[in-house]
Amino acid sequence: YLCGVALMLLRLVFGLWGGRRLRRRVHLIDDPSVLAAMQRQATALGLKLLPVLAYCERVTVPTVVGVLKPMILLPLTLTSGLSPEQMESVLAHELAHLRRYDHLVNLLQRVIESLLFFHPAVWWVSHRIRDEREHCCDDLVVACGAMPLDYAKSLLVVAELSRASPLRRSVEAVSLLATGNQKPSNLRQRIARLLGESATPSL
């Protein structure tokens, strides 16, 4: 058991270290329109402190990294792949993670997974929490004024840009504490939920 806990904690430390590596390889965003969009969404969500916003070549989807000083990382493909409205919705989703302190909850989940790595129920519950976390953030984006259909289209565009990237899903291998990457099935459920449809066909 102690060997297993040690290996899992080592995995956690590697994730923290990977997040620091990502933060050192970024290009800070100084585009006034993007920063203004983030300010509008932060105000709507009630965030008093704005996180650092940057482009990162090593991520394929918008991602929050860091624990004490979280940073929002955007893939370079979003510079020309999203409309201003879609970019604002994407920023709102990442800010919603910070509004809910998901980066801290994610760290707590990793610690619990490390201590109870042998119990299947822990992994199942943790997986469900991550799914519900995304649903809660989607709800906050819609509550801030985004139209569900337009927001769903934004998620699809981000997924398409991510799929075309040669670095697809690379951030998970670098930082285990990043929030953002989703499997195709998770994305399908989120979009179906936004549109008020059943995520899975009934038997």
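Everything here concerns the structure above.
Residues numbered from 1 in each chain as written. Predicted model: local features only at pLDDT ≥ 70, side-chain atom pairs only at ≥ 80, totals over all residues. Heavy atoms only, no water.

Side note on a positive patch on the surface
Turning to step 1, where the next piece is worked out: Together, Arg-20, Arg-21, Arg-24 and Arg-25 give the surface a local cluster of positive charge.
Turning to step 2, where the next piece is worked out: The residue Arg-21 is located in helix α1 (residues 2-24) in this model. (Patch = residues over 30% accessible without salt bridge, like charges linked within 9 Å, V, L, I, M, F, W, Y side chains within 5 Å. Areas by Shrake-Rupley, 256 points an atom, 1.4 Å probe, with all protein chains shown as cover. Salt bridge = Lys/Arg side-chain N within 4 Å of Asp/Glu carboxyl O. Lys, Arg positive; Asp, Glu negative; His and termini not counted. Charge placed at Lys NZ, Arg CZ, Asp CG, Glu CD. Helix = DSSP H or I, 4+ residues; strand = E, 2+ residues; numbered from the N terminus.)

Looking at the environment of Val-111
Turning to step 1, where the next piece is worked out: Following the sequence through the fold, Val-111 ends up in helix α5 (residues 102-115).
Turning to step 2, where the next piece is worked out: In this structure Val-111 comes out as partly exposed when scored by relative accessible area, which is 31%. (Buried < 20%, exposed > 50% of the residue type's maximum accessible area, 1.4 Å probe, protein only.)

Thoughts on the packing of α5 against helix α6 (residues 120-143)
Turning to step 1, where the next piece is worked out: Interhelical geometry of α5 versus α6 gives an angle of 170° and a closest axis separation of 10 Å. Here α5 lies roughly antiparallel to α6, going by the angle between them. Contacts between α5 and α6 pair Asp-102, Val-105, Asn-106, Gln-109, Arg-110, Ile-112 and Glu-113 from the former with Val-122, Trp-123, Ser-126, Ile-129, Arg-130, Arg-133 and Cys-137 from the latter.
Turning to step 2, where the next piece is worked out: When its residues are assigned to classes, the contact of α5 with α6 shows six nonpolar, three polar and five charged. (Axes fitted to C-alpha atoms, helices over the stretch in contact; angles between N-to-C directions. Parallel < 35°, antiparallel > 145°, perpendicular 65-115°, else oblique. Contact = heavy atoms within 4.5 Å. Nonpolar A, V, L, I, M, F, W, Y, C, P; charged D, E, K, R; others polar.)

Some words on α6
Turning to step 1, where the next piece is worked out: Across its 24 residues, α6 extends 35 Å between first and last C-alpha, which sits within 8% of the 34 Å expected from 1.5 Å per residue.
Turning to step 2, where the next piece is worked out: Within α6, burial applies to Val-122, Ser-126, Asp-131, Arg-133, Glu-134, His-135, Cys-137, Asp-138 and Val-141. (Expected span 1.5 Å × (residues − 1).)

Section: the sheet that holds strand β4 (residues 71-75)
Turning to step 1, where the next piece is worked out: With mixed pairing, four strands are arranged side by side in an open sheet as β1-β2-β4-β3. In this open sheet, the two edge strands, each paired with only one partner strand, are β1 (26-28) and β3 (63-65). Pairwise comparison of adjacent strand axes, ignoring direction, gives a mean angle of 40° for this sheet.
Turning to step 2, where the next piece is worked out: As paired elements, strand β2 (residues 52-56) and β4 share five bridges and run parallel to each other. Considered in β4, the bridge of Tyr-55 is made with Leu-74.
Turning to step 3, where the next piece is worked out: Where α1 meets the sheet, it contacts β1, β2, β3 and β4, and its direction lies at approximately 50° from that of β1. (Pairing = 2+ DSSP bridges.)

A look at helix α4 (residues 84-99)
Turning to step 1, where the next piece is worked out: With 16 residues, α4 extends 22 Å from end C-alpha to end C-alpha; this agrees with the ideal 22 Å at 1.5 Å per step.
Turning to step 2, where the next piece is worked out: The buried fraction of α4 is high, at 13 of 16 residues.
Turning to step 3, where the next piece is worked out: Positive phi appears at Tyr-101, one or two residues downstream of α4, with a value of about 60°.

Section: a nonpolar patch on the surface
Turning to step 1, where the next piece is worked out: Where nonpolar side chains cluster on the molecular surface, the patch consists of Tyr-1, Leu-2, Leu-108, Val-111, Ile-112, Leu-115, Leu-116 and Phe-118 and spans about 770 Å² of accessible area.
Turning to step 2, where the next piece is worked out: With four residues, α5 is the single largest residue contributor to the nonpolar patch.
Turning to step 3, where the next piece is worked out: Within the fold, Phe-118 resides in the loop between α5 and α6.

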